[in-house]
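Chain residues, written in single-letter form:
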Amino acid sequence: MTEFVKPAYLFFVLIFVVPGVVGGVLAANRARNFMVWSILCAVFPVFLLVIYFHKPLREVEGKFWKCRSCGEFLKWREDVCKYCGEPRKG
Ligand SMILES: [Zn+2]
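Residues numbered from 1 in each chain as written. Predicted model: local features only at pLDDT ≥ 70, side-chain atom pairs only at ≥ 80, totals over all residues.

> It is not clear to me how the overall build of the protein chain should be interpreted in this structure. Could you clarify?
Each helix and strand in the protein chain was counted, giving three helices and two strands. Element order for the protein chain, N to C, with α for helix and β for strand: α-α-α-β-β. Taken over C-alpha atoms, the radius of gyration comes to 18 Å for the protein chain, far larger than the 12 Å a tight globule of 90 residues would show. For the protein chain, buried positions account for 18% of its 90 residues. Taking all contacts inside the protein chain whose residues are at least 6 apart in sequence as the whole, residues at least 24 apart take part in 28%. (Helix = DSSP H or I, 4+ residues; strand = E, 2+ residues; numbered from the N terminus. Rg over C-alpha atoms; globule rule 2.2 N^0.38 Å. Buried ≥ 20, exposed ≤ 12 C-beta atoms within 10 Å, placed from the backbone. Contact = placed C-beta atoms within 7 Å.)

Shown next, in the form of structure tokens:
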């Protein structure tokens, strides 16, 4: 009996753990609460989209920087603000 239960249990864990961890990491990259967002994303995977498009609370080293000219957040690999053209260091 248990050999039939175990794969189903693993599948059940995966469909909750994977979105949970991904959502938690996305939240942490945005200076937001890892636990809150991982639980939200595990229960309601639609929150993955919500947190993905969420703006960071503050600059996160290596993840997001804030434009000093217009205040928008940009991905760390982008060197120039796509909203106003302000360079990151300048
Ligand atoms: Zn800007």
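So much for the structure itself; the text now carries on.
> Sorry if this is basic, but what is going on with the nonpolar core here?
A general trend in soluble globular proteins is that nonpolar side chains are found buried together. With eight residues, the main nonpolar core is built from Leu26, Ala27, Trp37, Leu40, Cys41, Ala42, Phe47 and Ile51. Of all elements in the fold, only α1 (2–29), α2 (34–43) and α3 (47–53) reach the threshold of two or more residues within this core. Among the elements that take part in this core, α2 stands out by supplying four residues, more than any other. (Core = buried A, V, L, I, M, F, W, Y, C linked by C-beta atoms within 7 Å.)

> Explain the domain arrangement of the protein chain to me, please; I cannot follow it from the model alone.
Often the size quoted for an interface is simply the accessible area lost on bringing the parts together. Domain parsing of the protein chain yields domain 1 (2–54) and domain 2 (57–90). Taken over C-alpha atoms, the centre of domain 1 sits 28 Å from the centre of domain 2. With four residues of domain 1 at the contact, the number on the domain 2 side is five residues. Taken together, the residues of the side of domain 1 that touches domain 2 break down into one nonpolar, one polar and two charged. (Domains from an automatic or database assignment. Nonpolar A, V, L, I, M, F, W, Y, C, P; charged D, E, K, R; others polar.)

> I'm lost on the environment of lysine 75 in this one. Help?
Inspection of the secondary structure puts lysine 75 in strand β2 (residues 73–75). The class of lysine 75 is exposed, set by 10 C-beta atoms lying within 10 Å. Separated by 51 residues in sequence, lysine 75 and glycine 24 have C-alpha atoms that sit 18 Å apart.

> Just to check I follow, could you spell out the confidence of the model for the protein chain for this structure?
In low-pLDDT segments, the atomic positions of the prediction should not be examined closely. Confidence in the prediction for the protein chain averages 92 pLDDT; 93% of positions are at 70 or higher. Looking across the protein chain, the model is least confident in α1, with a mean pLDDT of 87, and most confident in α3, with 97. (pLDDT = per-residue confidence, 0-100.)

> Help me understand unusual backbone geometry, please; the structure alone is not making it clear to me.
Positive phi, close to 60°, is recorded for alanine 31, a residue that is not glycine. Positionally, alanine 31 belongs in the loop between α1 and α2. A residue is classified by how many C-beta atoms lie within 10 Å of it, and alanine 31, with 13 of them, is partly exposed.

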